[in-house]
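Residues per chain, in single letters:
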Amino acid sequence: MPTEFISVTFANQNTELHPLPGAPVDPEFLVKYARALDDNDFNYTLIPYGSASFDPFTLGATVAAVTKKIKIIIALRPNTMYPTVAAKQLATLDQLSSGRVVVHFIAGGDDTEQAREGDFLSKDERYARQEEYIKILRQAWKSSDPINWEGKYYTFKDFRNNVRPVNGTIPVSVGGSSPEAYRIGGALADIFGLWGEPLKETKEQIDRIYAAADAAGRAPNDRPKIWVTSRPIVAETEELAWKKAHNILDLLKKNRAGPAIYPTSDKAPQNVGSQRLLDIAKKGEVQDRALWYPTVTATGARGASTALVGSPQTVIDSILDYVELGCELISIRGYDNYHDALDYGRYIIPGVRQALKEKGLNGTETNGETNGHDLNGDRPAKRARALRD
Ligand SMILES: Cc1cc2nc3c(=O)[nH]c(=O)nc-3n(C[C@H](O)[C@H](O)[C@H](O)COP(=O)(O)O)c2cc1C
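Attention here is on the structure that accompanies the text. (Residues numbered from 1 in each chain as written. Predicted model: local features only at pLDDT ≥ 70, side-chain atom pairs only at ≥ 80, totals over all residues. Heavy atoms only, no water.)

### Focus on the environment of arginine 256
Its place among the elements puts arginine 256 in the loop between helix H8 (238-254) and helix H9 (272-281). Residues arginine 256 and threonine 299 lie 43 residues apart in sequence; the distance between their C-alpha atoms is 6.5 Å. (Helix = DSSP H or I, 4+ residues; strand = E, 2+ residues; numbered from the N terminus.)

### Some words on helix H3 (residues 83-96)
Counted at 1.5 Å a residue, the expected span for H3 with its 14 residues is 20 Å, and the 20 Å between its end C-alpha atoms agrees. Those residues of H3 lying buried are Pro83, Thr84, Ala86, Ala87, Leu90, Ala91, Leu93 and Asp94. Contact partners of the buried residues in H3: helix H2 (56-66), strand E3 (71-76), strand E4 (101-105), helix H5 (123-142) and strand E6 (155-159). One or two residues past the end of H3 sits serine 98, with phi positive at roughly 55°. (Expected span 1.5 Å × (residues − 1). Buried < 20%, exposed > 50% of the residue type's maximum accessible area, 1.4 Å probe, protein only. Contact = heavy atoms within 4.5 Å.)

### Side note on the site of the ligand
For the ligand, the set of nearby residues contains 25 residues, the closest of which are Tyr49, Arg77, Lys123, Tyr127 and Ser178. Lysine 123 has a polar side-chain atom sitting 2.5 Å from an oxygen atom of the ligand. Here an oxygen atom of the ligand sits 2.5 Å away from a polar atom, N or O, in the side chain of serine 178. Here the ligand has 640 Å² of accessible area as a free molecule, and 95% of this is covered by the chains. Mapped by element, the contributors of at least two residues to the shell around the ligand are H5, strand E8 (191-195), strand E9 (225-234) and H9. Its residues assigned to classes, the shell around the ligand comprises twelve nonpolar, eleven polar and two charged. (Near = heavy atom within 4 Å. Polar contact = N/O pair within 3.5 Å; in protein donor to acceptor, adjacent residues only side chain to side chain. Areas by Shrake-Rupley, 256 points an atom, 1.4 Å probe, with all protein chains shown as cover. Nonpolar A, V, L, I, M, F, W, Y, C, P; charged D, E, K, R; others polar.)

### As for the environment of glutamate 132
Structurally, glutamate 132 is set in helix H5. You can call glutamate 132 buried: its relative accessible area is 10%. Counting along the chain gives 54 residues from glutamate 132 to proline 78, while the straight-line C-alpha distance between them is 9.8 Å.

### Here's the deal with the packing of aromatic side chains
What describes a pair of aromatic rings is the distance from one ring centre to the other and the angle between the planes of the rings. According to the stated counting rule, one finds eleven aromatic pairs in the structure shown. The interplanar angle of 15° and the centroid separation of 5.7 Å between the aromatic rings of phenylalanine 29 and tyrosine 33 together place this pair among those described as stacked. Of this pair, phenylalanine 29 and tyrosine 33 both sit in helix H1 (residues 27-39), four residues apart, roughly one helical turn. For tyrosine 33, a relative accessible area of 1% corresponds to the buried category. Their ring planes at 85° and their centres at 6.0 Å tell us that phenylalanine 156 and phenylalanine 159 sit as a pair that is edge-to-face. Residue class for phenylalanine 156 comes out buried when judged on its relative accessible area of 11%. Ring pairs connect the aromatic residues Tyr82, Phe105, Tyr133, Trp149, Tyr154, Phe156 and Phe159, which therefore count as one cluster. Above the plane of the ring of tyrosine 338 lies lysine 32, whose end atom (NZ or CZ) is 4.2 Å from the centre. Stacked on the ring of tyrosine 335, the Lys or Arg arginine 231 has its end atom at 4.0 Å from the ring centre. (Phe/Tyr/Trp six-rings, centres within 6.5 Å; stacked < 30°, edge-to-face > 60°. Lys NZ or Arg CZ within 6 Å of the ring centre and 35° of its normal.)

### Structural notes on unusual backbone geometry
Trans peptide bonds make up the majority, and among non-glycine residues the majority have a negative phi. In the Ramachandran plot, aspartate 41 falls in the positive-phi region, its phi being about 65° despite a non-glycine side chain. One can find aspartate 41 in the loop between H1 and strand E2 (44-47). Positive phi, normally seen in glycine, also occurs at aspartate 288, with a value near 55°. Among the residues examined, aspartate 288 registers a relative accessible area of 43% and is labelled partly exposed.

Here it is as structure tokens:
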């Protein structure tokens, strides 16, 4: 089972610690950051979506142009784009990047945020629309015949797509923690994205996703790969790491204006993923080896916000716990985006891969040097899915 690493793309030097509200794209920074991820053997970078933030497709095209190996995960809210347009845009970017595109679906976790771009469906309806959307994309990518679609949310006639993904299809990721997320992601996704929860709660979520996959008739080797996200705070020693963590917490509290990705409010979050993080935070500040929750409460759990605090070895061991649980995609992004990516590339990613190698697990997979098991490779499960689709 390969273990792969995910980061997040940032278009400028804005961070949660040193916010630059309204800062424009900084092309020099974007290129430097993207190349740093590629050079430091991250396998993927997520380009997030927010109603007030940059367009992931244009950022993704830039990242693709200046990198060689890293895969580009485009976050997509179905309400923002007609599915036939999305199918072609994703496939165009996939061709431009020689098959390096993944799409991450966001049903939308907050009614107010969705309304900002004209979406007034309930969350359950948004998930139902997402289900239909994914099915349309898959068909548009594979079908050479004209498509006539009559669904609940979309109707179109005689759609012909000449823009094919390089590897026949594009991996589909789904994120969320509500029953509808499990059902749709379990049935349809290649990847299922989770925020970092303690091992027990993560296992519960994985079981529910797998149960949904089984209920949809997927074979055990065709279940979604699990992606888990945390924010490591690493320093040379445990003591220095905790000192750094408390400095970060002070800044987060000071800048309660919040992360730039999502417009913030002081209301309780409507998305289940954030509600879960806030509930778990009540159980204690540190859970498992080093999963730290004050960063969750300080930011109202808007987005991925659990930290992993400690020396490189502690963080490596914590990540290995998730790998042993069955998580194949490990998203690590810090609070000092660029420098943390360099630190992870130097101390964390090689450490995890080395440890997996020593355990006889497939931890040697570096970016671009896969053993044929990655999502665009000739994985048996993928072959099965290609036949089923
Ligand atoms: C790994 C991951 C990445 C996410 N990226 C985004 C994003 O870029 N933009 C966004 O609005 N929501 C993002 N989300 C949030 C969820 O997709 C969203 O809240 C979900 O549609 C509803 O969540 P729920 O099912 O937990 O209620 C992400 C979630 C996960 C797990």
